[in-house]
Amino acid sequence: MEIERRGQWLRGVLDLCVLGLLRDRESYGYELAQSLDAAGIGPIQGGTLYPVLLRLQRAGLVTAQWHEGASGPARKYYRITDHGRAALGRGGHDWVAFVTPVTTIVTGGVDG
Amino acid sequence: MNADQWLHALGVELHRRRVATEDVRHVVAEAATHLRDGGGDPWTVFGTPDRYAAAIAESVGTRPAPRPGTVRLHAEGITKRYGRRTVLRDAGLTVRAGQIAAIVGANGCGKSTFLRICAGVESPDGGQVTVSGRLGYCPQQGGTDDFLLPDEHFVLVGAGRGMGRATARRAGRIAARQLGWESDRAVLARRLSGGTRQKLNLTLSTLTEPDVLLLDEPYQGFDRGTYVNFWDQLLRLRDEGRAIVVVTHLLNQLDRVDLVLDLTPATPGGRP
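Residues numbered from 1 in each chain as written. Chains lettered and ligands numbered in written order. Predicted model: local features only at pLDDT ≥ 70, side-chain atom pairs only at ≥ 80, totals over all residues.

Colleague: How should I be thinking about the overall build of chain A in this particular structure?
Modeller: Check the secondary structure of chain A and you find four helices and three strands. Within chain A, the proportion of its 112 residues that are buried is 27%. Sequence-distant contacts in chain A: of pairs separated by 6 or more residues, those separated by 24 or more amount to 49%. (Helix = DSSP H or I, 4+ residues; strand = E, 2+ residues; numbered from the N terminus. Buried ≥ 20, exposed ≤ 12 C-beta atoms within 10 Å, placed from the backbone. Contact = placed C-beta atoms within 7 Å.)

Here is the structure:
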């Protein structure tokens, strides 16, 4: 139940999280999964992550290019576009506007 | 099923869902990179090949199913006897532009004979073949000259279509590269390995940009990577509107073809 609820939340915001991580630098799928885990969101499997990246790419919010990084072989690097930055700004605003009252309402239950 | 097999199955599933060939390549390569970076079981990381392929298809979209074009190859009532043995009895096949047909069946059931009759290098005892447009034929053996270089093959075959030497050489090298073969080394055909000679054979059959391409088990001696490249190339040719007939005994390719002609004697004739 808990895992399922978390999965549902994630489905709604994973694209925003990815855009947020790409805001300052380009990155590739595996590294994004590690960053999400390190940020405390938990492990994200490739089967969940790559369809989101492809949707973002198709919508023009990110672009992708295969090239070699500082170390290691060629990987597909994603980079946020201006369009993507605007979507992150709007979506981030909407998320905060949604989560703030939710937090206020449920906080009593957590404390009590 | 190991990671390579999982990736191969993913490619097959993506093609089957008509994800664009270019996208298939990227998605499979990216999954391979991810697995190499993180290790892990592809079944846990990505799920089953068909479920993951479905999620990808939803994300990137799929190519529209092409409308079958004009009839390029029509064979009907094909009968062939060798002495008292009837190899083919009333076999038929109709292939339109933008379709791949597979000819399957047990060894010795007449698959190659049927293809040779379609190519016009053998005559049937009964029946008729109509071909509309230019024909390319890749036989199982032969088709290359032992004492010519790959480039000389390209020039020779290109000349048959009025291509200049440089144009033919360039086109041949590009086509060879799509099969993962750098063909610019000056090596006589007889010094090439069986698999590479087969790549040369295949390259020659596509060099003249035929409307109808007949291939007789053209992947013998190919490694797995070449084999995948080969099917990518076939799908690309199909999407360009070629009519392709391929003799095959490997069942896992059938997902990606449009028509199947089974020449096993118990079930004569074609089925869609």
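Colleague: Quick question: what am I supposed to make of the pairing of strand β7 (residues 243-247) of chain B here?
Modeller: Each regular strand carries side chains that alternate between the two faces of the sheet. Residues and elements named next belong to chain B. Summarising burial for β7: five of the five residues are buried, a large majority. A two-sided burial pattern is seen for β7, the buried positions comprising Ala243, Val245 and Val247 on one face and Ile244 and Val246 on the other. For strand β3 (residues 99-104) and β7, the ladder comprises five bridges, and the chain directions are parallel. Bridge pairing in β7 places Ala101 opposite Val245. Sheet topology places strand β6 (residues 212-216) next to β7; five bridges connect them, and they run parallel. When the sheet's bridge partners are listed, Asp216 is paired in β7 with Val247. Handedness of the crossover joining β6 and β7 through helix α9 (residues 224-239): right-handed. (Pairing = 2+ DSSP bridges. Right-handed = clockwise from strand over helix to strand, strands pointing away.)

Colleague: So what exactly am I meant to see when it comes to the sheet that holds strand β2 (residues 85-96) of chain B here?
Modeller: The strands that make up a sheet are held in pairs by hydrogen bonds between backbone atoms, and each pair lies either parallel or antiparallel. Residues and elements named next belong to chain B. With antiparallel pairing, the three strands of this open sheet are ordered in space as β2-β1-β4. Of all the strands in the sheet, just β2 and β4 (126-131) have a single pairing partner and so form its edges. The mean inter-strand angle of the sheet, taken between neighbouring strand axes irrespective of direction, is 15 degrees. Relative to β2, strand β1 (residues 71-82) runs antiparallel, the two sharing eight bridges. Bridge pairing in β2 links Lys80 to Leu88. Against the sheet, helix α5 (residues 111-119) engages β1, β2 and β4, with an angle of about 125 degrees to β1. (Axes fitted to C-alpha atoms, helices over the stretch in contact; angles between N-to-C directions.)

Colleague: Honestly, the interface of chain B and chain A in this entry has me stumped. Any pointers?
Modeller: Size of an interface: often given as the accessible area lost when the parts come together. Contacts between the two partners involve 16 residues from chain B and, on the opposite side, 12 residues from chain A. At the level of secondary structure, the elements contributing two or more residues to the side of chain B that touches chain A comprise α2 (21-38) and α4 (49-60) of chain B. Sorting elements by how many residues they give to the side of chain B that touches chain A places α2(B) first, with seven residues. In the side of chain B that touches chain A, the residues fall into seven nonpolar, seven polar and two charged. (Nonpolar A, V, L, I, M, F, W, Y, C, P; charged D, E, K, R; others polar.)

Colleague: Help me out: how do you make sense of the confidence of the model for chain B in this one?
Modeller: Residue and element names in this part refer to chain B. Mean pLDDT over chain B: 87, with 94% of residues reaching 70 or higher. Across residues 267-272 the pLDDT falls below 50, and counting only partners more than four positions away or on other chains, this stretch makes 13 contacts in the model. Across the assembled chains, the prediction reports ipTM 0.85 with pTM 0.60. (pLDDT = per-residue confidence, 0-100.)

Colleague: Help me understand the pairing of β3(B) in this model?
Modeller: All names here are of chain B. By the criterion of burial, β3 is predominantly enclosed, with six of the six residues buried. Of the two faces of β3, the one holding Gln99, Ala101 and Ile103 and the one holding Ile100, Ala102 and Val104 are both buried throughout. Where β3 and strand β8 (residues 259-262) come together, four bridges link them in parallel fashion. Counterpart to Ala101 in the pairing with β8 is Leu259.

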